[in-house]
Amino acid sequence: MSLSYEKAGVSIDTADAAKQQMASTMATKDPRVLHRPGAFAALFEASFPGIPKPVLVMKTEEPGSKQKMVMQYPGPGRPASVAYDMIHHLINDIIVVGAQPLIVQDCIVCGKLQKDVVLAIVGAVNDACRRNDCLLIGGETSEQPGVLDAGTYILSSSIVGVVDKENIIDGRHIQLGDTVLAIPSNGLHTNGYSLVRALLAQHPNLPNQLFTNEHGQQETFIDAILKPHTCYYQPLKKVFADQAGRGEGNNPSRDRKGATVPPLRGLAHITGGGIAGNLNRILPPSMDALIDAAALRVLPLFKLIQQLGNVPEADMLKTFNMGVGMTLVCAPDATASIISHLAAFNLAAYPIGSITQGSATVRYQGQVQW
């Protein structure tokens, strides 16, 4: 029998047609993009007006086992939704240092290239980027029959951002007595799905089970857990701009040496490991964060997961964000203005703790109010 690449499971014609449409989707008039569609490598001019000491910020991310569930439970817009998840997670990871997102490259590996699915994914990646002031400038799409089953997609993406060296937010300015604010999530985001898949295996009817969400609306379990990750860049962008001024006209705080310190001291994206496993990454060596577990506004979705799975509270706190998508450490006198600013973006931030003496550990007091 004569063989061809198509008989072996790879259609170059389908891939080429998809890539032509991807190029159209990613087309931009931004003068910093110097390559043409189909180029071997992307070219982006490193021009950073208004940033005297530019520092590049880079990260690679993938949406974990959530991408398997998106294909396992098909519905309108599902392939696109996990692409938003991936980019929102990626952007959240770099903005915690105060970075402005610039450019993204994605990678799609699949067992069988389905043109409509791939174009939906790329379209969503591109849209998520543009909504957050950055550009999808290239990537890779690879069809690998025999390595992956048809219908299986593995996604990943990388981002480059920029921040002025003087405005990096990394926790170094955290002070004793600072306030820890919670910025709400809209659900699981992209963590805890292995536990959720085990729960679904125990409860076959759970995907379509209705429950009342935090907005008082009826929602199916599957729709709730596959909701795209919240992106916090646009709500925090003005806070970063204010931060660059270091509050000089507003009675700025000063450290022990008398140096001016900005009101926003640190940010932590709450992903796998929960609050304790992420907030600790920005704490100074001699300080702890004391979190009031009773203050956490636990989303109904997490309460349902805890009840159905009889999951111990410690495991819930370690596995899930529990309704807190980002924590923000700030000067106590900046708390009200930051809360008010985020409220304009429908983000009801609220205090959950403070900074105390310690050893770079997050400690809980009180009990979660289930």
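See the structure printed just above.
Keep in mind that this is a model prediction, so the values were computed, not measured.

About the cut-offs
Every residue gets a number counted from 1 within its own chain, in the order that chain's sequence is written. Given that the model is predicted, a residue must reach a pLDDT of at least 70 before its local features are reported, and side-chain atom pairs must reach 80 or more before they are shown or counted; all residues, however, enter totals for whole chains, interfaces and linings. Hydrogens and waters are ignored; side-chain quantities use all the structure's heavy atoms. Any two strands between which DSSP finds at least two bridges are classified as paired. By the criteria applied, helices consist of DSSP H or I runs no shorter than four residues and strands consist of E runs no shorter than two, each listed in order from the N terminus. To define axes, lines are fitted to C-alpha atoms, for helices over the stretch in contact only, and angles between the resulting N-to-C directions are given on a 0 to 180 degree scale. Note on contacts: a residue pair qualifies if any of its non-hydrogen atoms lie within 4.5 Å across the two residues. If you view the pair so one helix is near and one far, a crossing is left-handed when the near helix is turned anticlockwise from the far one by less than a right angle, and right-handed when it is turned clockwise. Classification convention: Asp, Glu, Lys, Arg as charged; Ala, Val, Leu, Ile, Met, Phe, Trp, Tyr, Cys, Pro as nonpolar; all other residues, Gly among them, as polar. Counted as salt bridges are all cases of a side-chain nitrogen of Lys or Arg within 4 Å of a carboxyl oxygen of Asp or Glu. Three labels apply to residues, based on accessible area from a 1.4 Å probe with only protein chains included: buried if under 20% of the type maximum, exposed if over 50%, partly exposed otherwise in between. By nonpolar core we mean a set of buried residues, namely Ala, Val, Leu, Ile, Met, Phe, Trp, Tyr and Cys, connected to one another through side-chain atoms within 4.5 Å.

(A) Layout of the sheet that holds strand S5 (residues 179–184). Strand order in the open sheet formed by six strands is S10-S12-S5-S13-S11-S14, and the pairing between neighbours is mixed. The open sheet has two free edges, formed respectively by strand S10 (264–269) and strand S14 (362–365), since each of these has just one partner strand. Within the sheet, the average angular offset between the axes of one strand and its neighbour, ignoring direction, is 30 degrees. As paired strands, S10 and strand S12 (residues 324–330) are joined by five bridges and run antiparallel to one another. What sits directly across from Ala 268, in S12, is Thr 327.

(B) Structural context of the sheet that holds strand S1 (residues 54–61). The mixed open sheet is built from four strands, whose spatial order is S1-S4-S2-S3. Bordering the open sheet on either side are S1 and strand S3 (135–143), each of which pairs with just one other strand. Here the strands of the sheet are splayed against their neighbours by 15 degrees on average, with no regard to which way each runs. Bridge count between strand S2 (residues 100–110) and strand S4 (residues 153–164): 10 bridges; the pairing is antiparallel. Pairing of Cys 110 across the sheet is with Tyr 153, part of S4. Most of the contacts of helix H3 (residues 78–95) go to S4, to which it runs at about 30 degrees, and overall it touches S1, S2 and S4. Contacts from helix H4 (residues 115–131) reach S2, S3 and S4 within the one sheet, and its direction differs from that of S3 by about 160 degrees.

(C) Region of the structure containing the environment of Ile 352. Along the polypeptide, Ile 352 turns up in strand S13 (residues 350–357). Sequence separation between Ile 352 and Ala 295 is 57 residues; the distance between their C-alpha atoms is 5.7 Å. Once you skip the residues sitting within four places of it in the chain, Ile 352 turns out to touch Val 180, Leu 181, Ala 182, Ile 275, Leu 290, Ile 291, Asp 292, Ala 295, Leu 296 and Thr 327.

(D) Examining the packing of H3 against H4 more closely. Remark: H3 packs on H4, axes separated minimally by 8 Å, with the N-to-C direction vectors making an angle of 35 degrees. For the pair H3 and H4, the sense of crossing is right-handed. Contacts from Pro 79, Ala 80, Ala 83, Tyr 84, Met 86, Ile 87 and His 88 in H3 reach Val 117, Ala 120, Ile 121, Ala 124, Val 125, Asp 127, Ala 128, Cys 129 and Arg 131 in H4. Taken together, the residues of the contact of H3 with H4 break down into 13 nonpolar, one polar and two charged.

(E) Broad picture of the pattern of salt bridges. Under the counting rule described, the total for this entry stands at 13 salt bridges. Note that Asp 170 and Arg 172 form a salt bridge whose closest N and O atoms lie 2.7 Å from each other. Among the residues examined, Arg 172 registers a relative accessible area of 54% and is labelled exposed. Of the charged contacts, one joins Arg 363 and Asp 288 as a salt bridge, the two residues approaching to 2.9 Å between their closest N and O atoms. Residue Arg 363 is found in strand S14, and its partner Asp 288 is found in strand S11 (residues 287–292); the two are separated by 75 residues along the sequence. Look at Asp 288 and you get buried, because its relative accessible area is 5%. Connected through salt bridges with shared partners, the residues Lys 59, Glu 61 and Asp 93 form a single ionic network.

(F) Spatial organisation of the nonpolar core. Judged by nonpolar contacts, the single largest core of 97 residues is most densely connected at Phe 221, Ile 225, Leu 236 and Leu 279. Here this core gets 10 residues from one element, more than from any other, and that element is H3. Counting nine residues, the second largest nonpolar core, distinct from the first, contains Phe 48, Ile 51, Ile 103 and Val 162.

(G) How the structure looks around the pairing of S11. By the criterion of burial, S11 is predominantly enclosed, with five of the six residues buried. Summarising the sheet, S11 and S13 pair through five bridges and their orientation is antiparallel. Its bridge partner being in S13, Ile 291 is matched across the sheet by Gly 353. Alignment of S11 against S14, held across four bridges, turns out to be parallel. The residue bridging Asp 292 from the neighbouring strand is Gln 365, located in S14.

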